[in-house]
Amino acid sequence: MGNTDSLKTAQSIVWMLEQLAKRRRFTYEEWSREFNQDQTSKTKSGDRKFFNHLKFLREEALPALASSEMLVEKEPGDEWYTLKAATAVDLLELSDTHWADYFPIVHGLNRHKTLVPFPTSTIEATLQKAFDIPEELLGRVIYKSSFDWKLDREHLRSVFDAIYQRKYLKVIPQPPRLPASIVPLFLINYDGGWFLVGEAGKQIQQYALSRVLEVSVTEESHPALSQKRISELRKRYAEVFGISLFPNKALGGEPILVKVRFKGDALPYAMARFAKTSQADDETWHQCEQSEDSLSVELKVNDFKELIGELLRWGSEAEAVSPESFRQAWLAKIHSLTKFL
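Residues numbered from 1 in each chain as written. Predicted model: local features only at pLDDT ≥ 70, side-chain atom pairs only at ≥ 80, totals over all residues. Heavy atoms only, no water.

## Topic: the packing of aromatic side chains
According to the stated counting rule, one finds 13 aromatic pairs in the structure shown. Taking the centre distance of 4.9 Å and the plane angle of 80 degrees together, the rings of Tyr28 and Phe50 count as edge-to-face. Here Tyr28, found in helix H2 (residues 28-35), pairs with Phe50, found in helix H3 (residues 48-65); they are 22 residues apart in sequence, far enough to count as distant. Residue Tyr28 shares its accessibility class with Phe50, and that shared class is buried. (Phe/Tyr/Trp six-rings, centres within 6.5 Å; stacked < 30°, edge-to-face > 60°. Helix = DSSP H or I, 4+ residues; strand = E, 2+ residues; numbered from the N terminus. Buried < 20%, exposed > 50% of the residue type's maximum accessible area, 1.4 Å probe, protein only.)

## Quick notes on the side chain of His286
Structurally, His286 can be placed in strand S11 (residues 286-290). On the basis of relative accessibility, which here comes to 1%, the residue His286 falls in the buried class.

## Considering the sheet that holds strand S10 (residues 256-263)
An order of S11-S12-S10-S13 is seen for the four strands of this open sheet, with the pairing classed as antiparallel. At either margin of the open sheet sits one strand with a lone partner, and together these are S11 and strand S13 (318-322). For this sheet, the mean angle separating the axes of adjacent strands, direction not counted, is 25 degrees. Sheet contacts for helix H10 (residues 304-312): S10, strand S12 (294-301) and S13; angle to S10, the most-contacted strand, approximately 5 degrees. (Pairing = 2+ DSSP bridges. Axes fitted to C-alpha atoms, helices over the stretch in contact; angles between N-to-C directions. Contact = heavy atoms within 4.5 Å.)

Everything listed is a geometric property; what it means functionally is a separate question.
So this is what it looks like as structure tokens:
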């Protein structure tokens, strides 16, 4: 299950959407001719891939795209899967900025357990053609992983609308944190969680969107952000490990280069997490050195805590190597656990 399967999954979903938008219907046989060329003997009743994609279309794609509730139904004895509106709306309506539906659709694809997760390059290359997305918006998202957390897809749409319209974004987080109006800077996808980074006054703010109650676009415009500043901030946030974006002042107030080593059962995990094929060319946030029985990784951190927690998951098969301050913090954490023995 690799990039080829991921690509076919995306193409299948987009094909279904295109047929509904153009013709309001499609048949299994039409779909099969497009996506089952190497499995001509497969029957509809036994084609789990088709029904998984149809389930996603009904539960994730149409709710994200439609301005009213839309259904895709098949009448008994009829071969057509037909678009039907639960209201009086006759057409599949896309908003004027329907590119804002791109990331909600991608999010749904990635969280649907029966579908193959996509690498970043495949997501962009496959779905960008289906949604007329301004190029500059893709540069405002940073991927660091492919797992998923729960998220209201309307939050993603609001963030991108605010970026595109150059409006302040009102964020109402869970208490006790107070609401704020921010200039939206970036969305960061880390371990499947979506994190919003914005600026309120001269302060950078960070929000886990899974812990935000409401995100809405205001009527107030903010001053334009220079491309130089966007590039500098993107580089700063993309080059550090984890989601701790603010340097720890007790450690000098700057990102610190650390080295860790994985072996044994931790080695396959480390290879998958830190392999260079999983990161964009301009977002190399770690360097790897592989030996016969281990993988050493150099990366920047703003704080030791997050990476130490990662290492402790693997016990003696993950080690903090350098600098000495990092290694001592790791050893101190291990020592503190001995009181439970």
